[in-house]
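This is what each chain is made of:
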Amino acid sequence: MRFLRPVATALALPVVIVVVWWAATRGSINPFVPKPDLMIVDLVQTWFGPLLAQQVLPSLYRLGIALAAAIVVGVALGLMIGTSVVARKLTGPIFEFIRAVPPPVLLPVLLLVMGIDDRSKIFLIFLGCFWPILLNTIDGARSADSVLAATTVSYGLRGWVRFRHFTLPSALPRIMTGVRLALPISLILMVVSEMYAALDGLGYQVMLFKQTFETGAMWAGILIIGLIGIVMAFVYSAVEGRVLGWYRGQREMERQ
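Residues numbered from 1 in each chain as written. Predicted model: local features only at pLDDT ≥ 70, side-chain atom pairs only at ≥ 80, totals over all residues. Heavy atoms only, no water.

Some remarks on helix H6 (residues 118–142)
Right, so step 1: For H6, built from 25 residues, the straight-helix expectation of 36 Å at 1.5 Å per residue is met to within 8% by its first-to-last C-alpha distance of 35 Å.
Right, so step 2: Of all the bends in H6, the greatest, near 30°, is centred on Phe130, and the proline Pro132 appears no more than four residues after it.
Right, so step 3: Where burial is concerned, most of H6 is hidden: 20 out of the 25 residues are buried. (Helix = DSSP H or I, 4+ residues; strand = E, 2+ residues; numbered from the N terminus. Expected span 1.5 Å × (residues − 1). Bend = angle between axes of the 7 residues up to and from the residue. Buried < 20%, exposed > 50% of the residue type's maximum accessible area, 1.4 Å probe, protein only.)

Structure (structure tokens):
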């Protein structure tokens, strides 16, 4: 029963939306208005077959590679910069300038430089995810408790031991915030990068269905993108619960 209650709570609003959606479109004859029952049929008949391997898996591959690289590089660079006052002063202006440029604007440039293969798409997703992770990591490392920092110095903690038991735990809440912000960005840029000068992927296939007026299959592809976002959110919640379990317990103790 404890498991069923949160599941029912999470599904209550989506079920209501689908029921209202189905009732509102039941008598519609507009071919461009999606109907939930027909969308499920198109999803199964069109996407659950060769298209799954030909179009969906390449998208997930690019998304996974780019997001993993952004997390590794963003966290490593953010911790180095966040723990150094000189590095923050040197990199602050250039970071503010570069992150102000929307990543989709760079897509034509990347296509010219890298071509239409996976490299340009992966780099675009990486670039969009990199900044929220980097800046949140810098802020997390910079805003570590000064009293605890002084305590670690008093106890002679240096090098890896100080990083493992103080710097990284202090920055972890903000790191996870950066990752959470990067997840929807990665999904958006995955689709955007595949809508132009691409030969495969979810974005490419959705645009192809739109151009050939296969609206049912197009809406089913959009549904798959939304389902991928839901799965990513659930995976993130599970990882965050494991990584920040100590932090939540600490906050609960402080409230009491």
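Some points on the packing of aromatic side chains
Right, so step 1: Taken as a whole, this structure holds 4 aromatic pairs when the rule is applied.
Right, so step 2: Geometrically, the ring pair formed by Phe126 and Phe130 is stacked, given 5.5 Å between the ring centres and 25° between the ring planes. Here the residue Phe126 and the residue Phe130 both occupy positions in helix H6, the gap between them amounting to 4 residues, near one helical turn. For the pair formed by Phe126 and Phe130, the shared burial category is buried.
Right, so step 3: Site record: aromatic cluster; members linked through ring pairs are Phe123, Phe126, Phe130 and Trp131. (Phe/Tyr/Trp six-rings, centres within 6.5 Å; stacked < 30°, edge-to-face > 60°.)

With respect to the nonpolar core
Right, so step 1: In terms of nonpolar packing, the biggest core is built from 48 residues, with Trp47, Ile125, Leu187, Met190, Leu202 and Met232 touching the most fellow members.
Right, so step 2: Leave out the neighbours within four places in its chain, and Ile125 touches Arg62, Leu63, Ala66, Ser186, Leu189, Met190 and Ser193. (Core = buried A, V, L, I, M, F, W, Y, C linked by side-chain atoms within 4.5 Å. Contact = heavy atoms within 4.5 Å.)

Topic: unusual backbone geometry
Right, so step 1: One non-glycine residue, Phe213, adopts positive backbone phi at about 60°.
Right, so step 2: Take Phe213: it is sitting in the loop between helix H9 (202–211) and helix H10 (215–243).
Right, so step 3: Of the residues examined, Phe213 reaches a relative accessible area of 63% and is grouped as exposed.

Some words on H10
A turn of α-helix holds 3.6 residues, and therefore any two residues three or four places apart point the same way.
Right, so step 1: Over its 29 residues, H10 extends 42 Å from the first C-alpha to the last, a length consistent with the 42 Å expected when each residue adds 1.5 Å.
Right, so step 2: Taken residue by residue, H10 has Thr215, Ala217, Met218, Ala220, Gly221, Ile224, Ile225, Ile228, Met232, Tyr236 and Glu240 as its buried positions.

Brief notes about a nonpolar patch on the surface
Right, so step 1: Together, Leu13, Val16, Ile17 and Val20 make up an exposed nonpolar region whose accessible area comes to about 380 Å².
Right, so step 2: You can see Leu13 is positioned in helix H1 (residues 4–25).
Right, so step 3: With relative accessibility at 57%, the residue Leu13 sits in the exposed group. (Patch = residues over 30% accessible without salt bridge, like charges linked within 9 Å, V, L, I, M, F, W, Y side chains within 5 Å. Areas by Shrake-Rupley, 256 points an atom, 1.4 Å probe, with all protein chains shown as cover. Salt bridge = Lys/Arg side-chain N within 4 Å of Asp/Glu carboxyl O.)

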